[in-house]
Amino acid sequence: MSPPPWSGTDLPSAGGVLPSTDEVLQNAGPFGYQLGFGGLAGYAAARALQTAGRIGLVLAGGTFVALQGLQYSGYMTVNWHKVEREM
């Protein structure tokens, strides 16, 4: 029994339905490199933005808590009438 025509590597590239393994590997090199680099760059950018976002939120929250503590303890007063007039 002879092997099926699609199982060999001697398929003609123009006449076959599927490309050979060698053709796939030759053509996937630049694409695979670009895909891998893009994925790595995207992951690094996401992690950097996530870290920067967390740091920013912690700083904003800490500033808010500090200002509320200063106002509560009497070190800082807010002239609410002036705030309402200016808004």
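Up top is the structure these notes are about.
Owing to the predicted nature of the structure, the values given are computational and were not obtained by experimental measurement. (Residues numbered from 1 in each chain as written. Predicted model: local features only at pLDDT ≥ 70, side-chain atom pairs only at ≥ 80, totals over all residues. Heavy atoms only, no water.)

### What to know about the overall build of the chain
Part 1: Scanning the chain from N- to C-terminus turns up 2 helices and 0 strands.
Part 2: Counting all 87 residues of the chain, 1% fall into the buried class.
Part 3: Summed over all atoms, the accessible surface of the chain reaches about 8000 Å², with 67% contributed by carbon and sulfur. (Helix = DSSP H or I, 4+ residues; strand = E, 2+ residues; numbered from the N terminus. Buried < 20%, exposed > 50% of the residue type's maximum accessible area, 1.4 Å probe, protein only. Areas by Shrake-Rupley, 256 points an atom, 1.4 Å probe, with all protein chains shown as cover.)

### Brief notes about a nonpolar patch on the surface
Part 1: Taken together, the side chains of V78, W80, V83 and M87 define a hydrophobic patch exposed on the protein surface, amounting to about 440 Å² of accessible area.
Part 2: Here V78 lies in the loop between helix 1 (21-73) and helix 2 (80-86). (Patch = residues over 30% accessible without salt bridge, like charges linked within 9 Å, V, L, I, M, F, W, Y side chains within 5 Å. Salt bridge = Lys/Arg side-chain N within 4 Å of Asp/Glu carboxyl O.)

### Looking at the environment of L70
Part 1: For L70, the location among the structural elements is in helix 1.
Part 2: Taking relative accessible area as the criterion, L70 reaches 38% and is therefore assigned partly exposed.
Part 3: Apart from the residues within four sequence positions on either side, L70 is in contact with Y75 and M76. (Contact = heavy atoms within 4.5 Å.)

### Concerning helix 1
Part 1: Helix length check: helix 1 (53 residues) gives 74 Å between terminal C-alpha atoms against 78 Å at 1.5 Å per residue, within 8%.
Part 2: The largest bend in helix 1 is about 45 degrees, located at A28, with the proline P30 one to four residues further on.
Part 3: Taken from the residues just after helix 1, G74 is the one with a positive phi, measuring 95 degrees. (Expected span 1.5 Å × (residues − 1). Bend = angle between axes of the 7 residues up to and from the residue.)

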